[in-house]
Amino acid sequence: MFKHIFERKNKIKISLFFILLIAFIFRFYKIDEWLFFGMDQEYEALIIKNILTGRHFPLIGVNASDTGFYLGPFFIYAASLPYALFSGNPIGGALFASLLGVLTCYFVFLIGKKIFNERIGLLAMFFYAGSFLISFYDRRFWNPTPIPLFSLFIGYILYQLAKDKVKYLPWLSFAFGLAVQCHLSILIFLPLIVFILWKKHHLIHKRLFLFFLAIFIFLQLPILIFDLRHNFINSRAVVNLLIARNQENKTYSSLHERSSIFFSAVGRVFWMPFNPDLFLESGQCKELERYRKNALFEGLILISVFIAIFFWWYKEKKKQHFNLNRFEKSIDLSLKIIIFLFFITLFFVIFYNRQIFEYYFLYLFPWICFILGWVVDFIWKKGHGNLVVIPVLILFLVLNLLTLFTAKFSYSYREKLTIINLVKEMIGDKNYKLEVLGECTRYGGYRYLFEYYVGKPVSSYMDSYFDWLYKDDLNKKKPSYIVLLSIIDPRGKKENIAKWESVKLTYLKEHRIKEQRNIGNIKIFILSP
């Protein structure tokens, strides 16, 4: 008996090792080339720089999309650590994000083992580790990065509360209070939180509930103080959002667009088609969205399979209702929580009429993996189920590895560094003005990267967005050079290409070209002002 237990534990350890190795490969392969550093990362990096230099200690984080609402400062201060350790180099954030992704993968196993069973935990961990889409987002260092991990914690705590373990209530306040400062998508748990608290209110002592509220309010103190000091700017943003006031400049979406993004995201968790361009895959560049790898059909198939398996399982459960063991009852509760979460998500997709992006569903990714693990485990336990399951697991891993090894990254971080080093050679230590032309491509974090590697520009094309973060540092001298980067993507709309080509020609007519270089599709001009 002890030998059997020992052998089983060794098998678990070996499985964990190989799955963590898979997670590591998916998250660290070409990390220096595929480092994503765009406008959002630049914004956060500039705020963090002010913290690390002691210039400003903000009470808020970043703006939540186009809502006018500011998040709390938790992520910004947490992100200061990797930036401090790597002296402001963005590679520190990329390494931290990928490590956090591997850690999240391990927690998928730990929590899956608790709320389902050990095998489902391992299977869910395997799907989380080997999903190219999940690893793609795990590599990105920005405020939504911790959301999958927080989602796991919050879901696990709600599971314990549903089992009458009310001692977990303060931990819920702590996890939710920090998560809501990272990204507002975590609010999807709010109806589930309210429902479970209402169902268990008779077990929750008044003092414990007040402690729960006190923790949450304490964590929000910085943003509450900010609101008081700035004429309730956040409160007014919430009111405007609810009553749809001052929304004339906001971007809206159709139900078809939102549902396509959601169902495709579910499919892409299982498999993103080969040869993706990582520059496009987040969907934030709407102009080039048609080039993204879609998996709408796969998403619908996966959801249909789950529904069919669920009814099969439910039919069997009804037959043995009085013979359910403790683990089966535990799985029953876990599925209820996940199904509730999916229904809330569908409600959001149907009624939230603003523009949404795939990363809004990051909180759902671990739970999709639990569903996949549960479906595979259910089939495995059937007669000769392993003959179906093992080929599916192998196919999943092979498909995602092929996507990993065929992926490319237009305007990659390595390419950016090549450009920056060339410019540094061409202008030396002279003052310069930075201009970047292109529709989506110009928002590639160039202003921060040029400051970090070359030196502060006298002015730049990003000053209209960010100069409030560094205007005291701006050099008032006349620039010796204008550094002009033409990054006009040929896949863009014709009218946008024509617009940026016209702007480029105007620059070249009005200034003398000192030097010119081409790096792939990127043209570098050093101009005399």
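Residues numbered from 1 in each chain as written. Predicted model: local features only at pLDDT ≥ 70, side-chain atom pairs only at ≥ 80, totals over all residues. Heavy atoms only, no water.

A. The arrangement of the overall build of the protein chain in detail. Counting secondary structure elements, the protein chain contains 21 helices and five strands. Taken over C-alpha atoms, the radius of gyration comes to 25 Å for the protein chain, in line with the 24 Å a tight globule of 529 residues would show. Per-residue burial for the protein chain yields a buried fraction of 53% across its 529 residues. Surface accessibility of the protein chain: about 25,200 Å² in total, with carbon and sulfur atoms responsible for 64%. (Helix = DSSP H or I, 4+ residues; strand = E, 2+ residues; numbered from the N terminus. Rg over C-alpha atoms; globule rule 2.2 N^0.38 Å. Buried < 20%, exposed > 50% of the residue type's maximum accessible area, 1.4 Å probe, protein only. Areas by Shrake-Rupley, 256 points an atom, 1.4 Å probe, with all protein chains shown as cover.)

B. Main features of the pattern of salt bridges. Tallied over the full model, the rule gives 18 salt bridges. Arg-414 is the partner of Glu-33 in a salt bridge, and the nearest nitrogen-oxygen pair spans 3.5 Å. Within this pair, whereas Glu-33 is found in the loop between α1 (2-28) and α2 (39-52), its partner Arg-414 is found in helix α18 (residues 413-427), the two being separated by 381 residues in sequence. Glu-33 gets classed as buried once you look at its relative accessible area, which sits at 18%. Between Arg-491 and Asp-277 there is a salt bridge whose closest N-O contact spans 3.0 Å. (Salt bridge = Lys/Arg side-chain N within 4 Å of Asp/Glu carboxyl O.)

C. Structural view of the state of the cysteines. Summed over all chains, the structure comprises one disulfide. The side chain of Cys-285 participates in a disulfide bridge whose partner is Cys-440; the two sulfur atoms lie 2.1 Å from each other. Between Cys-285 and Cys-440, the S-S torsion sits near 90°, and that sign places the bridge as right-handed. Residue Cys-285 is located in the loop between α13 (255-270) and α14 (296-319), and its partner Cys-440 is located in the loop between β1 (432-437) and α19 (446-453); the two are separated by 155 residues in the primary sequence. With a relative accessible area of 6%, Cys-285 lands in the buried category. Not part of a disulfide, Cys-105 finds its nearest cysteine sulfur in Cys-369, a span of 8.4 Å. Here Cys-182 stays free of any disulfide, with the sulfur of Cys-105 as its closest cysteine sulfur at 20 Å. (Disulfide = S-S within 2.5 Å.)

D. Representation of helix α5 (residues 118-130) within the structure. For α5, which comprises 13 residues, the first-to-last C-alpha distance of 18 Å matches the rise-based estimate of 18 Å (1.5 Å per residue) to within 8%. The opening residue of α5, the one whose side-chain oxygen lies 3.1 Å from the backbone nitrogen of Arg-119, is Asn-117. (Expected span 1.5 Å × (residues − 1). Polar contact = N/O pair within 3.5 Å; in protein donor to acceptor, adjacent residues only side chain to side chain.)

E. Region of the structure containing the side chain of Gln-41. Tracing the backbone shows Gln-41 in helix α2. Note on Gln-41: relative accessible area 3%, which makes it buried. Here Gly-38 takes part through its backbone nitrogen, which lies 3.0 Å from a polar atom of the side chain of Gln-41. Each residue touching Gln-41, except ones within four places of it in the same chain, is listed here: Phe-36, Tyr-83, Arg-140, Phe-141 and Trp-142. (Contact = heavy atoms within 4.5 Å.)

F. Just the sheet that holds β1, in detail. Strands sit in the order β2-β1-β3-β5-β4 across an open sheet of five strands; the sheet is mixed. Two strands lie at the open edges of the sheet, namely β2 (459-460) and β4 (512-519), each paired on one side alone. The sheet contact formed by strand β3 (residues 481-486) and strand β5 (residues 522-528) spans five bridges and is antiparallel. By the bridge assignment for β5, Ile-482 is matched with Leu-527. Sitting on the sheet, α19 touches β1, β2 and β3, and the angle it makes with β1 is about 145°. (Pairing = 2+ DSSP bridges. Axes fitted to C-alpha atoms, helices over the stretch in contact; angles between N-to-C directions.)

G. Quick peek at the nonpolar core. Of all hydrophobic cores here, the largest spans 159 residues; its most connected members are Phe-189, Phe-370, Trp-374 and Phe-450. It is helix α16 (residues 365-380) that contributes the most residues to this core, eleven residues altogether. Ignoring any residue separated from it by four or fewer positions in sequence, one finds Phe-370 in contact with Val-108, Ile-111, Gly-112, Ile-115, Phe-116, Ile-120, Ala-124, Leu-152 and Ile-338. The next biggest cluster of nonpolar side chains, apart from the first, holds eight residues, and it includes Leu-437, Ile-482, Trp-500 and Phe-525. (Core = buried A, V, L, I, M, F, W, Y, C linked by side-chain atoms within 4.5 Å.)

H. Representation of the pairing of β1 in the model. The buried fraction of β1 amounts to five of the six residues, a majority that puts the element mostly inside the structure. Of the pairings in the sheet, the one linking β1 to β3 comprises six bridges and is parallel in character. Residue pairing across strands places Leu-434 opposite Val-483, the latter belonging to β3. As paired elements, β1 and β2 share two bridges and run parallel to each other. Bridged to Lys-433 within β2 is Ser-459. A crossover connection joins β1 to the parallel β2 through α19; in handedness this β-α-β unit is right-handed. (Right-handed = clockwise from strand over helix to strand, strands pointing away.)

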